[in-house]
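# Structural features, examined
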Amino acid sequence: MAYRDLREFIKRLEKEGELKRISAEVDPVLEITEITDRVTKAGGPALLFERPKGSRHPLLINMLGSKRRVNLALEVNDAEEVAQRIRGYLDMQTPQGFLDKLKMLPKLAEIGAFFPKTVKGGPCKEVIRKDGFSLLEFPILKCWPQDGGRYITWPLVITKNPETGKRNVGVYRMQMYDERTTGMHWQTQKHGAEHFRRAKERGERPRMEVAVAIGADPVVAMAGILPIPPDLDEMMFAGFLRRESVEMVACETMDLEVPAQAEIVLEGYVNLDEMRTEGPFGDHTGFYSLEGDFPVFHVTCMTHRKDPIYLTTIVGPPPQEDFFIGQAIERVFLPVMRMQYPEIVDVAMPAEGIFHNLMIVAIRKSYPGHARKIMSAIWSLGQAMLTKVIVVVDHDVDVHNYGEVVWKSLCAIDPERDVQFVLGPVDTLDHAARMQDYGSKMGIDATRKWESEGFRRRWPDVIEMDEATRQRIEQLWSTLGLSGSSKR
Ligand SMILES: Cc1cc2nc3c(=O)[nH]c(=O)nc-3n(C[C@H](O)[C@H](O)[C@H](O)COP(=O)(O)O)c2cc1C
Ligand SMILES: [Mn+2]
């Protein structure tokens, strides 16, 4: 059974020994970050701050800051199980005969059951406030010393494509400017930014409606982070992941729906011609992302539960909570990548590569130039377009063993020959790029080189002992007086 809401998941975490309540008064300005950073890096629990300074509402952080908690959220033992479920659906494409079609029916019915359900009301409407409210009622964090202010770090930002009417949900941080105004930091390649551009182009209205939900069941909260294609509804995908529809309820003041079980909802708009300086912000690169111009969100109505819990997270020098979420996303989407590119064997993104800086891809190489073809594929695959460095290795390299990757890939390259540079979109947070959002990317072909690729020398084998000798020594081992294992 899916978690109904944030508090049901909190109960579960508590039962599993994965939550610590903190009753001491702690300041959301810097202090909560310092505590959380230490706890996450030590592999510690989720933290429920019961008395954040200056607020009557408790704050939850580090909710998904470990592999175990991400698995609890997804109700699996391993994210691989989700990948397998997705593979099941992908495999059922274009059935041949009648029997195959019949076999598909239950699965299709199951998908239908995941669609979001519109309900008449919900706990997020327990308190409805159209005036006299302030964002400062919530313990909004100032995360790091040089941050430009307080930031809402885990908002589910909901917009509609003005052309198709389809919904998007994205997590884009919101800098608090005053009690009812924030920044809207959707980066230029993200779907919220695209809706904004489309609305502007149409020129029909001076503003675009935006709803923001804060705090929901863990899968809905995660769904805003998923890199899924435009116009594929994140709430539908969340329903698929939690195996139960997400309940959505109409906003009070505009034509958007929000998760009915949310803790807090902000309704408002962005003006299509208003931009304001946003940042700096201590970001998940481990550096401050610098100031930039972004749209401004004006909150016109706030609804929440009677006793709302404020969900937030911090980013900063890795690993942080977002790494554990990203790791699960990487596992879940591997089968989708492999459907389109079956030659991909495995993919890894080390924490220190902060997702967009480094992707290691193992392929089963079949033709000359295959590694470069995969680089192009990745650079055209949704948010993977932002990958700064792609290292392509052969299928017999374990991409999760970074020692092996460094060893074998550096042995496999002639740098001048094997490096591919391209120009294109880069991550907004890349402070080294020549300009914001545009720059170069690099692919390293670290596969074995073939004669058909112009390599005329012999390629040596990796050194390995022969099996007979290994067996013999295995049997002798205990008589040798050596410590350690006889197994290699
Ligand atoms: C804690 C956290 C904060 C994030 N902040 C931002 C942000 O400020 N701007 C942004 O464009 N993406 C941000 N992201 C990444 C997006 O949520 C992610 O790229 C998502 O897939 C975007 O959704 P979309 O594809 O529907 O635009 C953040 C992710 C996390 C985990
Ligand atoms: Mn989207």
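Below is a summary of the structure that appears in this document.

## As for the coordination of the manganese ion (ligand 2)
Protein-derived ligands of the manganese ion (ligand 2) are Asn-168 (OD1), His-191 (ND1) and Glu-234 (OE), with the metal-ligand distances lying across 2.1 to 2.3 Å. In the primary structure, the donors to the manganese ion (ligand 2) are separated according to the pattern N-x22-H-x42-E. Placement of Asn-168 in strand S8 (residues 167-171) and of His-191 in helix H6 (residues 191-202) is noted, with a sequence separation of 23 residues between them. For the pair shown, Asn-168 and His-191 are each scored as buried.

## Looking at the packing of helix H4 (residues 79-90) against helix H8 (residues 234-242)
As a packed pair, H4 and H8 sit with axes 11 Å apart at the nearest point and diverge in direction by 110°. Here H8 runs roughly perpendicular to H4, going by the angle between their axes. Crossing of H4 against H8: the hand is right-handed. Along its contact with H4, which presents Val-82, Arg-85, Ile-86 and Tyr-89, the element H8 presents Phe-237, Phe-240 and Leu-241. Class assignment of the residues belonging to the contact of H4 with H8 gives a composition of 6 nonpolar, no polar and 1 charged.

## Quick notes on the sheet that holds strand S23 (residues 438-445)
Here 5 strands make up an open sheet; going across it, the order is S19-S20-S21-S23-S22 and the pairing mixed. Every other strand in the sheet has two partners, leaving strand S19 (344-348) and strand S22 (419-425) as the edge strands with one partner each. Strand after strand, the sheet turns through a mean of 20° between neighbouring axes, direction not considered. With 4 bridges joining them, strand S21 (residues 389-394) and S23 adopt parallel strand pairing. Paired with Val-389 across the two strands is Met-442, which belongs to S23.

## Quick notes on the environment of Ile-86
Checked against the element boundaries, Ile-86 lands in helix H4. For Ile-86, a relative accessible area of 7% translates into the label buried. Considering only alpha carbons, one finds Ile-86 and Met-176, 90 residues apart in sequence, at a separation of 38 Å.

## Some words on helix H11 (residues 402-411)
Residue pairs three or four apart in sequence face the same way in an α-helix, which turns once every 3.6 residues. Buried within H11 are the following residues: Glu-404, Val-405 and Ser-409. The arc that holds the buried residues of H11, viewed along the axis, is 105°, so those residues lie on one side. Away from its buried face, by an angle of more than 90 degrees, H11 presents the exposed residues Leu-410 and Cys-411. At its buried positions, H11 is contacted by strand S20 (358-363) and S21.

## Digging into the site of ligand 1
Surrounding ligand 1, one finds 19 residues, the nearest of these being Val-171, Tyr-172, His-185, His-191 and Gln-383. Between a nitrogen atom of ligand 1 and a main-chain N or O atom of His-185, the distance comes to 2.6 Å. A distance of 3.0 Å separates an oxygen atom of ligand 1 from a polar backbone atom of Gln-187. Coverage of ligand 1 by the protein amounts to 89% of the 630 Å² it exposes when considered alone. The element that contributes the greatest number of residues to the shell around ligand 1 is S8, accounting for 4 residues. Its residues assigned to classes, the shell around ligand 1 comprises 7 nonpolar, 9 polar and 3 charged.

## Regarding the packing of aromatic side chains
The description of two aromatic rings rests on the distance between their centres and on the angle between their planes. Within this structure, the stated rule accounts for 11 aromatic pairs. Of the aromatic side chains, those joined through ring pairs into one cluster are Tyr-89, Phe-114, Phe-237, Phe-240 and Phe-333. Here the basic side chain of Arg-85 rests over the ring of Phe-240, its NZ or CZ set 4.2 Å away from the ring centre. Seen from the ring of Tyr-177, Arg-276 lies directly overhead, with NZ or CZ sitting 3.7 Å from the centre.

## What about the state of the cysteines?
Here, the word disulfide means a covalent bond between the sulfur atoms of two cysteines. Taken as a whole and judged by the stated rule, the model has 0 disulfides. Of all cysteine sulfurs, the one in Cys-251 lies closest to Cys-301, which takes part in no disulfide; the gap is 8.0 Å.

The rules behind the values
Sequence order as written defines residue numbering, which begins from 1 separately in each chain. As they are written, the chains are lettered A onward and the ligands numbered 1 onward, keeping that order. For this predicted model, a pLDDT threshold of at least 70 governs which residues receive local features, and a threshold of 80 or more governs which side-chain atom pairs are given and counted, while totals over whole chains, interfaces and linings are taken from all residues. No hydrogens and no water enter the side-chain calculation; it runs on all heavy atoms of the structure. Metal donors were taken as nitrogen, oxygen and sulfur atoms no farther than 2.8 Å from the ion, or 3.2 Å where the ion is Na, K or Ca. Water is excluded, so coordination may look unfinished. A helix here means a DSSP run of H or I that spans at least four residues, while a strand means a run of E at least two residues long, and both kinds are numbered starting from the N terminus. Relative accessibility thresholds used throughout: buried, under 20% of the residue-type maximum; exposed, over 50%; partly exposed, between the two (1.4 Å probe, protein chains only). Fitted lines through C-alpha atoms give the axes, limited to the stretch in contact for helices. The angle between two N-to-C directions lies from 0 to 180 degrees. Oblique is the label for any angle not covered by the other classes, which are roughly parallel (under 35 degrees), roughly antiparallel (over 145) and roughly perpendicular (65 to 115). Left-handed describes a crossing in which the near helix is turned anticlockwise from the far one by less than a right angle; the clockwise case is right-handed. Contact between two residues is taken to exist if any of their heavy atoms lie within 4.5 Å; hydrogens are not considered. Basically, the charged four are Asp, Glu, Lys and Arg, the nonpolar ten are Ala, Val, Leu, Ile, Met, Phe, Trp, Tyr, Cys and Pro, and anything else, Gly included, counts as polar. Any two strands with at least two DSSP-identified bridges between them are counted as paired. The directions considered for the arc run from the helix axis to the C-beta atoms. Proximity is defined per residue: if any heavy atom of the residue lies within 4 Å of a molecule or strand, that residue is considered near it. Polar contact is the term for a pair of N or O atoms within 3.5 Å; when the atoms are in protein, one must be able to donate a hydrogen and the other to accept it, and sequence-neighboring residues count only if both atoms are side-chain atoms. The Shrake-Rupley method, run with a 1.4 Å probe, gives the accessible areas here. Residue values count only the displayed protein chains as cover. Only Phe, Tyr and Trp rings take part, Trp by its six-membered ring, and two of them pair if their centres are within 6.5 Å. Stacked means planes under 30 degrees apart, edge-to-face means over 60, and tilted covers everything else. Either the NZ atom of lysine or the CZ atom of arginine qualifies as a charge over a ring when it sits within 6 Å of the ring centre and within 35 degrees of the ring normal. Cysteine sulfurs are considered disulfide-paired once they come within 2.5 Å of each other.

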